[in-house]
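# Structural features, examined
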Amino acid sequence: MEWNARRLEVVEPSPTLAISAKAAELKKKGEDIVSFGAGEPDFETPAHIKEAAKKAIDKGMTRYTAVSGTVELRDAIITKFKRDNGLEYSRNQIIVGTGGKQVIYNFFLATLNPGDEVVIPAPYWVSYADIVRLAEGKPVIVPTTKADNFRISPAQLEKAITPKTKVVVLNSPSNPTGSAYSRKELEAIGEVILKHRVMVLSDDIYESIVFDGFQFSNLAMLSPELKELTFVANGVSKAYSMTGWRIGYGAGPLHIIQNMDTIQSQSTSNPSSISQAAAEAALTGDQACVAEMAKAFQKRRDLIVGLLNEIPGVEVNVPQGAFYVFPYLTGAYETDGFKKLQAASSETSKSKLFCAHLLDKYKVAAVPGIAFGDDNALRLSYAMGEEDIKKGVARISEMVKDFSR
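Everything numeric in this text was worked out from a predicted model, so none of it was measured.

### Description of the sheet that holds strand 11 (residues 367–368)
Read across the sheet, 3 strands follow the order 9-12-11 without closing on themselves; strand pairing throughout is antiparallel. Of all strands in the sheet, those bounded by a partner on one side alone are strand 9 (324–325) and strand 11. Pairing between strand 9 and strand 12 (residues 378–381): 2 bridges, direction antiparallel. Its bridge partner lying in strand 12, V325 is registered against L380.

As structure tokens, then:
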């Protein structure tokens, strides 16, 4: 008897979580590991949010809620969309899930039929393609370039869309590159979307972490016609440093939300009632904490970009948001030392080999770029203290220089 489901043949465990787990295990053993792996803010959840959770427990708010979330939280999400994005949604157009990942997963389960195509610009968040496969869809990966700051062009999108295309994924600011689309760029993409009448998954989880005065926009904000074709996924994990609370949310056309509610009712049911109370406080309370964290991330971005660009053979763009850099290693790959490492290894991915050697010999954890669809790079999260950033980049620099000796 075959015990394993065949759907497991098309997916792999999340590489970002695997790297973070391995780094944590090595730290427990006493090794001095600098981990750039986790996509997780290092700040404490703000005090007023934690206090709201404590009060919810004391008030006995420990029962099941509606599958799609409490009325209070969905109303807070409606207020957030109106306040921050100028978007109007009704309560039955909002769904709350156990993290942004579940919201995206349920969206694809609710929209895709076997063979439906989903256009995903690369580099991409590691889970998009595997979630699409689990939903029996077909990922259509469109490579972008460092020269274009990793943004898909309207011409590329036009070429990628076929009669089988159901959804286009846009993540801005992006994980792993930190690149973001301006309103003007989105308007050009929106013309292609309207021409072909395909759906858009707008993953806005890093919306509030933007730098240098960048003005965030998504396709739903551009016109009522585009709003009807856009599902917006967001959450409180990144903006409010609430990764462990597991609250994500989405907004979109009524029929999609209803179908997602049906799916969720047969899987997890409602998200944690206590976490929902905390998320409500996050969205309706003082937003100064969000700006303070974004300011700190910008300072760290400037630090890590400057240090990386000093390493021979390494090049990195300046991110417009999120808390990641995606340095290109093309020069480092051409060194004699790296070529010798390749010759002695059975690993065919350059970025996997680079990151394995970096962790094994130099005690730095990073995620290989191949996990995001681009083997030329690696992803570093700078959600850490400045001294750790300096120490970690110094070790990367040491390794690259050792390759050149």
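### Remarks on the sheet that holds strand 8 (residues 248–251)
What the 7 strands build is an open sheet, ordered 2-8-7-6-5-3-4; its pairing is mixed. One side of each edge strand has no neighbouring strand; the edge strands of this open sheet are strand 2 (94–97) and strand 4 (138–143). On average, each strand axis in the sheet is tilted by 20 degrees relative to the strand beside it, whichever way the strands run. Taken together, the 4 bridges between strand 2 and strand 8 define a ladder with antiparallel strand orientation. By the bridge assignment for strand 8, G97 is matched with G248.

### A closer look at unusual backbone geometry
Looking along the chain, the bond that leaves A122 and enters P123 is cis, with omega of 5 degrees. Looking at the secondary structure, you find P123 in the loop between strand 3 (117–122) and helix 5 (127–134). Omega for the peptide link from S172 to P173 comes to -10 degrees, which places this bond in the cis form. You will see that F150, though not glycine, has its phi angle at about 60 degrees, which is positive. Mapping F150 onto the fold places it in the loop between strand 4 and helix 6 (154–160). Backbone geometry at R197 places phi at a positive 55 degrees, although glycine is not the residue there. Structurally, R197 is set in the loop between helix 7 (183–196) and strand 6 (199–203).

Calculation criteria
- Residues numbered from 1 in each chain as written.
- Predicted model: local features only at pLDDT ≥ 70, side-chain atom pairs only at ≥ 80, totals over all residues.
- Heavy atoms only, no water.
- Pairing = 2+ DSSP bridges.
- Helix = DSSP H or I, 4+ residues; strand = E, 2+ residues; numbered from the N terminus.
- Axes fitted to C-alpha atoms, helices over the stretch in contact; angles between N-to-C directions.

By themselves, these are just geometric observations and shouldn't be taken as functional.
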